[in-house]
Amino acid sequence: MSEKGSDHYKIIFEASPDALFIVNKTGVIQSMNKQAEILFGYAVDELIGKQIEQLIPEESQSVHKNRRAKYGKNPVTRRMGTTTTDFIAIKKGNIQFPVAISLSPATLQDGKEVTIAAIREISHRKANEEKLRNYFEIVNNVHEAIIRLDTDRNILGWNKAAENLFGYTEDEIMAIGIEAIIPINEKERTQNIIEKVLQGAVFKDVEVVRLNKNKKLLELTTSVIPVKSASGEISGIISISSEHSSEKEALIVRKKLADLVRHSSEAIVIYNLEGHILNWNTGATEVFGYSEKEALTMDLEKFLPTGEKEKANQRLNDLKLGKYFKNIEGQRRHKSGKTITITYSVFPMYDELGKVNAVASISRDTTALKKYREQLEEEVRVKTKELNNTIIQLRKSGEELSNFTYAASHDLKSPLRAISHLTTFIQADIKKDISDSSLEYFGIIHSRVARMEQLIDGLILLSSLKIDPNNFEYIDTKKLIDEIIRSMDFKREYEIKTAGIPAAIRFDKRLLKMVFTNLISNGIIHNNNEGLATILIRCEQEEDYTIWHVVDNGPGISNVDCEKIFKIFQTLQNTVQDFNIGLGLSITRKIVEDAGGYIKVSSQPGEGAVFTFAIPRGDVFR
């Protein structure tokens, strides 16, 4: 692809309305566009190099891996799943949401084969589908017979109640037409009603006579209303009918609903588009203090503090357009004169012609809740500030301790050198008269001074160790281990093997060399078994970590000592004390843990030991 073509590709990639991911054959994310960041809530550097399964619920990840492997054998452009299958993804914060996914194989400029996954959130579509299903469920289960006609009086819809009322199935009535249920003496009247409805009129609770399949006359109460298309044109008619007894039952139900609204503990208020209050329940009296009689003489503006009036007027304009608002926090004036905080929802109400003619408000007093929330937020701010101060102090103390250790260790070296030099001078002065026992004592002094210098050097090294990602580089791990092996010189036979070593990992080369040197040396020096000392170094890669195992055939370690060996100046064998100052494993653990990893040992006496350490992979280091 030319440079110009590549630029065009980048523009299209970033401008796509879908979230786009480029994934290699092993499922690792290679690239993603801005829409992917927005949809999933992750920055680019949080996902690049991660497995695509991170964006899938844990219970579905193994299935997805199998499907991804199967797709890799025959990659073609297609939609994932079937038209009836939806997938669930996870955005940052472990939030699940439904998505539609399309896959396309592609080949990059370097010849690598990848898959481009286009992901689109379908929450709104699912919500609309759910609403549509609910609508059909409601229509098919209401007690009223609902019939839908087009402008030519052809039947488009016939619910279960219509089938029960008239005796015809939907297929039967569609085959013979609406005329089958209209008696001869009702035909002219029915035609007039239909013509007026097609001009925009609405007929509500009209008493009509109809025929059922057995030619029995039915006395019904019917409402006939026009159906409008998205452009506002009348595209059909809906007839809602019930027998008179059903209408009475409906009136009883409506009365019960009205009683529930009246006695609800939440404030339910209905006002017209001029803000005049039309309905006021007992919950509103409890929240605002006014009786129903008082409230019905008032306007909404009476309850609005100065800062709320402009917002209320803007919302009223939006409500007139059919918008609604849920769970809004605002302030209102109580009868006592104090300002209270409420959480409320407002909805438009419609007249028979489908026009907004009033507003319903449902609210509750959340003054105490808001005060409590503000107290909690203030406590969180105070505690956060204290925590940040503590962290700063701990960092400062850590730096001071490190500086002190470094300085003290350097200062200790000066008297040690003096002791060593003076001992050498004294030994030289009395060389002719020195006894064998005195010569042995001088040797012990020199040995202890040398050991003390080793301890000081170890402390200096331990205090100066620091993980700095700026020092990270890609390391040829096999070459590094070979270098370590060539530099070792032990007074016994040993063999070092490797398995599963990655081609390269990203880390601080100097520090990684210390880790391997300490663990390999530990496995050989402490191996007091007869025969060949063997070390096996093997590796495995996980999504976030590179995990190493250093296995030896030494005498093993008891459970009691498995944690002890990582402590500073700890060694388990006195026979090697001249060679081991008890700092190697302490240094190793500090390097690994400061890098965000972990180290452990598993062993049983007589069965050797396995040292396992994990360090974050370079591409996801944190």
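Residues numbered from 1 in each chain as written. Predicted model: local features only at pLDDT ≥ 70, side-chain atom pairs only at ≥ 80, totals over all residues. Heavy atoms only, no water.

K.L.:
Hey, could you run me through helix α15 (residues 477-487) in this one?
P.N.:
One full turn of an α-helix is made of 3.6 residues, so residues set three or four places apart face in the same direction. All of the buried residues in α15 are T477, L480, I481 and I484. In a view along the axis of α15, the buried residues occupy a sector of 95 degrees, so they form one face of it. Exposed positions of α15 whose direction lies more than 90 degrees from the buried face are K479 and R486. Considering only its buried residues, α15 is in contact with β17 (473-475), β18 (494-499), β19 (505-507), α16 (509-525), β20 (533-541) and β21 (545-552). (Buried < 20%, exposed > 50% of the residue type's maximum accessible area, 1.4 Å probe, protein only. Helix = DSSP H or I, 4+ residues; strand = E, 2+ residues; numbered from the N terminus. Arc of directions from axis to C-beta. Contact = heavy atoms within 4.5 Å.)

K.L.:
Quick question: what am I supposed to make of the packing of aromatic side chains here?
P.N.:
Note on aromatic pairs: each is described by the distance of the centres and the angle between the planes. Here the structure, examined in full by the defined rule, presents 13 aromatic pairs. Between W280 and F288, the ring centres sit 5.8 Å apart and the planes meet at 45 degrees, which makes this aromatic pair tilted. Between the NZ or CZ atom of K91 and the centre of the ring of F97, over which it lies, the distance is 4.6 Å. (Phe/Tyr/Trp six-rings, centres within 6.5 Å; stacked < 30°, edge-to-face > 60°. Lys NZ or Arg CZ within 6 Å of the ring centre and 35° of its normal.)

K.L.:
Explain a nonpolar patch on the surface to me, please; I cannot follow it from the model alone.
P.N.:
On the surface, a nonpolar cluster with roughly 380 Å² of combined accessible area is contributed by L422, F425, I426 and I430. Overall, the relative accessible area of 51% leaves L422 in the exposed class. (Patch = residues over 30% accessible without salt bridge, like charges linked within 9 Å, V, L, I, M, F, W, Y side chains within 5 Å. Areas by Shrake-Rupley, 256 points an atom, 1.4 Å probe, with all protein chains shown as cover. Salt bridge = Lys/Arg side-chain N within 4 Å of Asp/Glu carboxyl O.)

K.L.:
Whenever I open this one, the sheet that holds strand β15 (residues 339-350) confuses me. Can you help?
P.N.:
Sheet strands line up and pair through hydrogen bonds in the backbone, either parallel or antiparallel. Taking strand neighbours across the sheet as the criterion, the 5 strands line up as β13-β12-β16-β15-β14 in an open arrangement whose pairing is antiparallel. The two strands at the open ends of the sheet, each matched to only one other strand, are β13 (277-280) and β14 (325-333). When the angles between neighbouring strand axes are averaged without regard to direction, this sheet yields 30 degrees. Alignment of strand β12 (residues 267-272) against strand β16 (residues 356-365), held across 6 bridges, turns out to be antiparallel. In the strand pairing of β16, A267 is matched with S363. Lying on the sheet, helix α12 (residues 306-320) is in contact with β12, β14, β15 and β16; it crosses β14 at an angle near 145 degrees. (Pairing = 2+ DSSP bridges. Axes fitted to C-alpha atoms, helices over the stretch in contact; angles between N-to-C directions.)

K.L.:
So what exactly am I meant to see when it comes to helix α17 (residues 584-594) here?
P.N.:
Burial in α17 covers these residues: L585, S586, I587, T588, R589, I591 and V592. Phi turns positive, to about 95 degrees, at G596, one or two residues after α17.

K.L.:
Whenever I open this one, the packing of α15 against α16 confuses me. Can you help?
P.N.:
It is at 10 Å that the axes of α15 and α16 come closest, and there the two elements cross at 50 degrees. As the angle between them shows, α15 and α16 are arranged oblique. Considering the relative orientation of α15 and α16, their crossing is right-handed. Every residue of α16 that contacts α15 at L480, I481, E483 and I484 is listed here: K509, L512, K513, F516, T517 and I520. Tallied by class, residues from the contact of α15 with α16 come to 6 nonpolar, 1 polar and 3 charged. (Parallel < 35°, antiparallel > 145°, perpendicular 65-115°, else oblique. Left-handed = near helix turned anticlockwise from the far one by under 90°. Nonpolar A, V, L, I, M, F, W, Y, C, P; charged D, E, K, R; others polar.)

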